[in-house]
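Tertiary structure, described
Okay, here's what each chain looks like letter by letter:
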Amino acid sequence: MALRPVQLNIKAVDGPAVGRFWAQALGWNLFRPGVTTYVGPSAELVWPDPVGVGIDIVPVPEPKTATKNRVHLDLATTSAAHQTELVARLKALGATPVDVGQGADVPFTVLADPEGNEFCVLEPREIHRDTGPIAVMVVDCADPRAMARFWGEAVDWPLHEVTDDHALFRSPKGVGPYLEFLRTPDVKTVPDRIHLDLLPYPGDDKEAEVARLRTLGAVDLDVGQGDVPWTCLTDPEGHEFCVLVPS
């Protein structure tokens, strides 16, 4: 039994506008299957995507606070020229430069989407040559080794590397983005605007998976979701995530 990350959930006041930004930023397509806005790589709505991890934008009334998100995307580039072009194009789409303490000498560029969600445009890296436009989904944490233990049991993505500074996972298919738990000094103080959504495989029991996660250290989370088919949880460091129902 195991779960697979299938989408990144982003809360937004103007979901369609944020969806348009990310669709244009990634060169993906935008779909409105209901109240949410879904961005994925396929020409038609395919969920879950067999290769990538989609983005599901959920409308909420509250704007983002000044607090830095503890989950963000790193975007891949193929050359220095591509990095420069992509940063310029993203700014034209509404992205703004932000200072998260990265300093002046880093090789990547930190931007925020139109509602202030931070992301990075990375310099070319060989490890990201086959990820697609999203290189890494990054989660800030205090203890990458502890996160490696929990998430290594929670999902079916193999652990590629773990150190005191980070833990790195990737789909067993060897394609799509990496999932990284990155050690940072920040302390979690507010619910995040971005979280992972996980999905059981066909034939697996969602409630059994949720029970298994609780034995690993996950805790039930009430965000006012009411009677919904998915289950909201937090990992041992308080990162929110949801376990969805297979469609």
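Residues numbered from 1 in each chain as written. Predicted model: local features only at pLDDT ≥ 70, side-chain atom pairs only at ≥ 80, totals over all residues. Heavy atoms only, no water.

**A closer look at helix H2 (residues 80–93)**
The condition that has to hold: The secondary structure listing takes helices from DSSP runs of H or I that are at least 4 residues long and strands from runs of E that are at least 2 residues long, numbered from the N terminus. By definition here, a helix of n residues has an expected span of 1.5 Å times n minus one. Whether two residues touch is decided by their heavy atoms; if any such pair falls within 4.5 Å, the residues are in contact.
The end-to-end C-alpha distance of H2 is 20 Å, a good match for the 20 Å that 14 residues give at a rise of 1.5 Å each. For H2, the secondary structure elements touched by its buried residues are helix H1 (15–26), strand S5 (71–75), strand S7 (109–112) and strand S8 (118–121). Remark: glycine 94 follows H2 within two positions and exhibits a positive phi of approximately 120°.

**Some thoughts on the environment of aspartate 220**
This is how it is decided: Using a 1.4 Å probe on the protein chains alone, a residue whose accessible area is under 20% of its type maximum counts as buried, one over 50% counts as exposed, and one in between counts as partly exposed.
In this structure, aspartate 220 sits in strand S14 (residues 219–220). Given the relative accessible area of 46%, aspartate 220 is considered partly exposed. A sequence separation of 13 residues divides aspartate 220 from leucine 233, and the C-alpha atoms of the two residues are 4.5 Å apart.

**Description of the pairing of S5**
Counted only if it meets this: A pair of strands is considered paired only if DSSP assigns at least 2 bridges between the two.
S5 sits mainly inside the fold: five of its five residues count as buried. Burial of S5 is two-sided: the residues Val71, Leu73 and Leu75 facing one way and the residues His72 and Asp74 facing the other way are all buried. Here five bridges tie S5 to strand S9 (residues 134–141), and the two strands are oriented antiparallel to one another. Looking across to S9, one finds that leucine 73 is bridged to methionine 137. Across three bridges, S5 lies against S8 in parallel orientation. By the bridge assignment, aspartate 74 is partnered in S8 with cysteine 120.

**Comments concerning the sheet that holds S8**
This is how it is decided: Lines fitted to C-alpha atoms define the axes, with helix axes restricted to the stretch in contact, and inter-axis angles between N-to-C directions lie between 0 and 180 degrees.
Taking strand neighbours across the sheet as the criterion, the eight strands line up as S6-S7-S8-S5-S9-S12-S11-S10 in an open arrangement whose pairing is mixed. At either end of the open sheet lies a strand with only one pairing partner, and these are strand S6 (96–97) and strand S10 (159–162). Its contacts with the sheet place helix H3 (residues 144–154) against S9, S10, strand S11 (166–170) and strand S12 (178–183), and it is angled at close to 25° to S11.

**What about the pattern of salt bridges?**
If the charged atoms of two oppositely charged side chains come close together, the side chains can form a pair. Keep this limit in mind: For salt bridges, the criterion is a side-chain nitrogen of Lys or Arg within 4 Å of an Asp or Glu carboxyl oxygen.
Using the criterion set out here, one finds 13 salt bridges in the structure. Among the salt bridges present, the one from glutamate 85 reaches arginine 89, with a minimum N-O distance of 3.5 Å. With glutamate 85 and arginine 89 both in helix H2, this residue pair falls four residues apart, about one helical turn. Given the relative accessible area of 39%, glutamate 85 is considered partly exposed.

**Brief notes about the side chain of aspartate 235**
To be explicit about the condition: All tallies of charge rest on Lys and Arg as positive and Asp and Glu as negative; His and the ends of each chain are not included. As used in this structure description, the phrase polar contact means that two N or O atoms lie within 3.5 Å; if the pair is within protein, one of them must be able to donate a hydrogen and the other to accept it, and residues adjacent in sequence are counted only when both atoms belong to side chains.
Position of aspartate 235 among the secondary structure elements: in the loop between strand S15 (231–234) and strand S16 (240–243). Of the buried charged residues, aspartate 235 lacks a salt bridge, with lysine 188 as the closest side chain of opposite charge at 8.1 Å. Among the polar contacts made by the side chain of aspartate 235, one reaches the main-chain amide nitrogen of glutamate 237 at a distance of 2.9 Å. Among the polar contacts made by the side chain of aspartate 235, one reaches the side chain of histidine 239 at a distance of 2.8 Å.

**Describing the sheet that holds strand S3 (residues 37–40)**
Two modes of strand pairing occur in sheets, parallel and antiparallel, and in both the strands are linked by backbone hydrogen bonds. Read across the sheet, eight strands follow the order S2-S3-S4-S1-S13-S16-S15-S14 without closing on themselves; strand pairing throughout is mixed. The open sheet has two free edges, formed respectively by strand S2 (29–31) and S14, since each of these has just one partner strand. The sheet contact formed by S15 and S16 spans four bridges and is antiparallel. Bridging across to S16, leucine 233 finds its partner in phenylalanine 241. Of the strands in this sheet, strand S1 (3–12), S2, S3 and strand S4 (54–59) are in contact with H1, which crosses S3 at around 5°. Against the sheet, helix H4 (residues 206–216) touches S1, strand S13 (194–200), S14, S15 and S16, its axis set at about 15° to S15.

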